[in-house]
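Each chain, written out:
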Amino acid sequence: MNAIDELAGHTSSGFAHWGYVLAAFCALLLAVWLGDGARRREPGGKVRIAALVAMALWALLCAAMGAGSLPAQLAETLRDLGWLGLVYALFASDGRNGHMGPVRPLMIVLAFVEALQAIAIMLQLWFGAIEGVEEMIFHISVMLRLLVTTGVLVLVHNLYVGAVAQQRIAVRWACAAMALVWGYDLNFYTIAYLANWVPDNLVAIRALTQIIATVLLAFGAARAQSSLRFSPSRTIAFQSLSLLVIGGYMIVMVGAAQSLAWLGGNASQLAQLGFAVAITVLVLAVMPSKRLRGWAKVVLAKHLFQHRYDYRAEWLRFTRTIGHGGAQALPLHARVVQALADITDSAQGLLLVPSETGDLELAGRWQWPAAEVPGMAMEAASVAFFEQHGFIVDLDEVRAGTDHQGERARVPGWLVEDREAWALVPLLHFERLVGMVVLGRPPVTRQLDWEDFDLLRVVGQQLASYLAENNGQVALLEANRFDEFNRRIAFVMHDIKNLASQLSLLSRNAERHAENPAFRADMLVTLRNSTDKLNALLARLSRYGKAAPEKLAGTDVADVCKGVVTRYAGAQGPRAHAVGETSFGVLAHRETLEQVLLHLVQNAIDASPQGMPVLLRWRIEGTDGCIDVVDTGAGMSADFVRNGLFKPFVSTKSGGFGIGAFEAREMVRAMRGRLDVESREGLGSRFTIRLPLAPAAEQHANPGTGEGSDEKKVA
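Reading guide: rules and limits
Every chain is numbered on its own, with residues counted from 1 as its sequence reads. Reporting in this predicted model follows two pLDDT cut-offs: at least 70 for local features of residues, and 80 or more for side-chain atom pairs to be given and counted; totals over whole chains, interfaces and linings ignore these cut-offs and use all residues. Side-chain metrics in this entry use all non-hydrogen atoms of the structure; hydrogen atoms and water are not considered. By definition, any uninterrupted DSSP run of H or I lasting at least four residues is a helix, any uninterrupted run of E lasting at least two residues is a strand, and each is numbered from the N terminus. Accessibility here uses a 1.4 Å probe with only protein chains present; expressed as a share of the type maximum, an area under 20% marks a residue as buried, one over 50% as exposed, and anything in between as partly exposed. Here a residue-residue contact requires only that any non-hydrogen atoms of the pair lie within 4.5 Å. What pLDDT reports is the predictor's confidence in each residue, on a scale of 0 through 100. Only buried residues count toward a nonpolar core. Its members are Ala, Val, Leu, Ile, Met, Phe, Trp, Tyr and Cys residues joined through side-chain atoms within 4.5 Å. Arc definition: it is the arc formed by the directions from the helix axis to the C-beta atoms. Salt bridge, as used here, is a side-chain nitrogen of Lys or Arg placed within 4 Å of a carboxyl oxygen of Asp or Glu. Only residues whose relative accessible area exceeds 30% and that take part in no salt bridge are eligible for patches, with like-charged residues grouped when within 9 Å of each other and nonpolar side chains (Val, Leu, Ile, Met, Phe, Trp, Tyr) grouped when within 5 Å. Areas reported as accessible are Shrake-Rupley estimates using a 1.4 Å probe. Residue values count occlusion only from the protein chains shown. Angles here are taken between N-to-C directions and fall from 0 to 180 degrees, while the axes themselves are lines fitted to C-alpha atoms, restricted in helices to the stretch in contact. Any angle that is under 35 degrees is reported as roughly parallel, and any over 145 degrees as roughly antiparallel; angles of 65 to 115 degrees are reported as roughly perpendicular and all others as oblique. Each helix crossing is assigned a hand: it is left-handed if the near helix lies turned anticlockwise from the far helix by less than a right angle, otherwise right-handed if that turn is clockwise. Any residue outside Ala, Val, Leu, Ile, Met, Phe, Trp, Tyr, Cys, Pro, Asp, Glu, Lys and Arg is labelled polar, Gly included; the first ten of those are nonpolar and the last four are charged. Two rings from Phe, Tyr or Trp (for Trp, the six-membered ring) form a pair when their centres sit within 6.5 Å of each other. Planes less than 30 degrees apart are called stacked, planes more than 60 degrees apart edge-to-face, and all others tilted.

## Remarks on the overall build of the protein chain
For the protein chain, the helix and strand inventory stands at 25 helices and 14 strands. Burial status across the protein chain gives 42% buried among its 715 residues. Sequence-distant contacts in the protein chain: of pairs separated by 6 or more residues, those separated by 24 or more amount to 70%.

## What to know about the environment of I620
Structurally, the position occupied by I620 is in strand β11 (residues 614–621). For I620 and L691, which are 71 residues apart along the polypeptide, the C-alpha to C-alpha distance reads 9.9 Å. Those residues in contact with I620, other than ones at most four positions away along the chain, are F584 and L693.

## Let's talk about the confidence of the model for the protein chain
In the predicted model, the protein chain carries a mean pLDDT of 75, and the fraction of residues at 70 or more is 66%. Low pLDDT (under 50) marks residues 1–12, which in the prediction has 29 contacts with non-local residues, meaning those over four places away or in another chain.

## Remarks on the nonpolar core
Within the largest apolar cluster, 59 residues are counted, with the highest numbers of intra-cluster contacts made by Y20, L52, W83, V87, V152 and M178. Of all the secondary-structure elements, those providing two or more residues to this core are α2 (14–34), α4 (45–65), α5 (70–94), α6 (103–127), α7 (133–161), α8 (165–195) and α9 (200–223). At 11 residues, the largest contribution of residues to this core is made by α8. Once you skip the residues sitting within four places of it in the chain, V152 turns out to touch L84, V87, L110 and W182.

## Focus: unusual backbone geometry
Despite not being glycine, F430 shows a phi value in the positive range, around 55°. Checked against the element boundaries, F430 lands in the loop between β4 (421–429) and β5 (432–440). Assessed through its relative accessible area of 76%, F430 is described here as exposed. A positive phi is found at R672, a non-glycine position, where the angle reads about 65°. Mapped onto the secondary structure, R672 falls in the loop between α23 (660–670) and β13 (674–680). Residue classification places R672 among the exposed positions, given a relative accessible area of 65%.

## Some details on helix α15 (residues 380–389)
Within the sequence span of α15, burial applies to S382, V383, F385 and F386. Buried residues along α15 cover an arc of 160° about the axis, so they all sit on one side. At its buried positions, α15 is contacted by β2 (360–366), β3 (393–394), β4 and β5. Downstream of α15 by one or two residues, G390 has phi in the positive range, about 60°.

## Some details on the pattern of salt bridges
In this structure the tally under the stated criterion is 27 salt bridges. For E621, the salt bridge is made with R619, and the minimal N-O distance between the two is 2.5 Å. The network of salt bridges with common partners includes D359, R617, R619, E621, D628, R674, D676 and R690.

## Focus on a nonpolar patch on the surface
Taken together, the side chains of I119, M122, L123, L125, W126, F127 and I130 define a hydrophobic patch exposed on the protein surface, amounting to about 700 Å² of accessible area. The exposure class of L123 is partly exposed, given its relative accessible area of 34%.

## Here we look at the side chain of E397
Mapped onto the elements of the fold, E397 is located in helix α16 (residues 395–399). E397 has contacts with T402, H404 and Q447, leaving out every residue within four places of it along the chain.

## A look at the packing of helix α13 (residues 311–323) against helix α14 (residues 332–344)
Interaxial distance between α13 and α14 falls to 9 Å at its minimum, and their mutual angle equals 160°. In terms of their interaxial angle, α13 and α14 are classed as roughly antiparallel. By crossing handedness, the relation of α13 to α14 is classed as right-handed. Contacts between α13 and α14 involve E314, R317, F318, T321 and I322 on the former and, on the latter, R335, V336, Q338, A339, D342 and I343. Residue composition of the contact of α13 with α14, grouped by class: 5 nonpolar, 2 polar and 4 charged.

## Observations concerning the packing of helix α21 (residues 590–607) against α23
Taken N-terminus to C-terminus, the directions of α21 and α23 make an angle of 150°; their axes are 10 Å apart at the nearest point. Here the hand of the crossing between α21 and α23 comes out left-handed. Residues T592, Q595, V596 and H599 of α21 pack against G660, A661, E663, A664, M667 and V668 of α23. Here the residues of the contact of α21 with α23 sort into 5 nonpolar, 4 polar and 1 charged.

## Structural notes on the packing of aromatic side chains
Under the definition given, this model contains 4 aromatic pairs. Ring centres of Y20 and W58 lie 5.6 Å apart, and the angle between their planes is 90°; this geometry places the pair in the edge-to-face category. Of the two residues, Y20 is situated in helix α2 and W58 in helix α4; the sequence distance between them amounts to 38 residues. According to the relative accessible area criterion, W58 is buried, its value standing at 0%. Arranged with centres 5.2 Å apart and planes meeting at 80°, the rings of F385 and F386 form a pair that is edge-to-face. When its relative accessible area of 0% is taken as the criterion, F386 is described as buried.

This is how it looks when you write it as structure tokens:
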């Protein structure tokens, strides 16, 4: 018997035959399960299904015609190309296919080498009868298999080792399956090349490796599904039910196969395979039914279990998440979102916290960088509603028109429009809302029920206590810093007052006793300017803490903005631009408003790239006049905007005192206005000053002086 015939005869053993049949069944079953809409759209989902179908075809041909038959060899080429496509798809989902130059050429070469197997098969058909040609083609074919196997193992190793920690968790099961298949094939073809034949047991074990690889892929796919939970009693129950179903199915299959065996000959074998395929297709058509799976889960959960959740496991996971500290740990706000999202298997989330004006603003993100959150995420009236009711909102119900307690009118429009937003969970501490968590949609969406609401409500209360404690610590630290600042500023003001008094006395003495008229005049001018500057500084320092800077009056917004822009005009062009359709007046103190704008513009210029101007834009919004200061700089994170931007003594500038932004906000508030901030890292920032519009009579009584007066004043 020659090498090819000998290899084809190896699968005649019962173990190998049924092993390949079982491998085909497992591959088809997993392919149909992965064909569900949500799973098919996962990274590499379609390629994974195609690889499984190719593997099932190869296993069926091995079982029916032998592993060494020409159709089986051709199907093996399709299987290898499918696995190779899966490797590339995993590289693509990892985001490394765009900048890993060697990956794509290597895969093209491996696919070409594998495609040469088809040419070897054709040569065997044409010249197989010639003595010695079949053995030569066998050696060439095995050598090509070894080249492809070695190359793919290298790619699989690079795929796993080069992945980041989070992505490595996602690909480890697929990598383990491919390492098993290709690792065994490496030994399989090495023995075939050296010995010119393969023992029967290696052919049978090869089918076993395909089954184990399919199980690993199934386990990895199941781990990615939100419905998978590791609770011992539930696992045993569901697995026991599955084993009973599979056992009954196998009994029916064996009985039918034995009955068909009475036909005898090749017709018996073909009838058995045809019956197996028909029953498999029938079962696979029923098992993916969501209604059937949902009914089974409800019945089992209702009659076999008291609760859906393993509360001990949930509490331990919650404690680990919140208590995880260290330099590499996530910020507290992100850990709060993660702790709540883990319960519902949500992959992302947001934390909204009350601002000083009572509305909600973004405080932290967890794996949701693309969420577009406005500066005012939720208005104060809606905050009061959730604080009073503590109602957990299923946003899918809101989109469907369901309204239980009036929450539909209180949910912001941006949450309803964002289809990835799934649920709203208020965090209440002693009947006071300290935060609101927006949970992102899990990979497999389900409807929340009473047990979900109860657990989320209890965990939300615990998280609220952590946030309240953190806020108390921050407030205490800030109060201590203010005390220290007040002590220091008292000494500074005392010294400045003494210096101002000395300079005033010097100017008076010089005026009376200086003999040189020219020197006296020059000294007087210098001393008086110094005295004026020091007195102005004292007046500025004395304004901290006052309810209002000066009497508010109608102030022309365009006049103020153009004056600020003129101050930043340089030899290389203006560093700031003023844009506005029409001018209008706002109730403000002109000098204070100019001081705020000068600070914001200077900060924007410092944060912007060299040569990129800053935009000042004025507009009317309702009953408010708005001035936007927009830059294209590095931007700020939501955490810094919330916890650092308006906190005294917190500065990103080297040597900065950290009171500029705080002072600007307090000045705007003193003018009965508001300072809002919207910023995205890498895109830039926008500061918006909102001031009440001046009455029409004041606008006409205090007209702007125009650009010419601005230039004159600056000059």
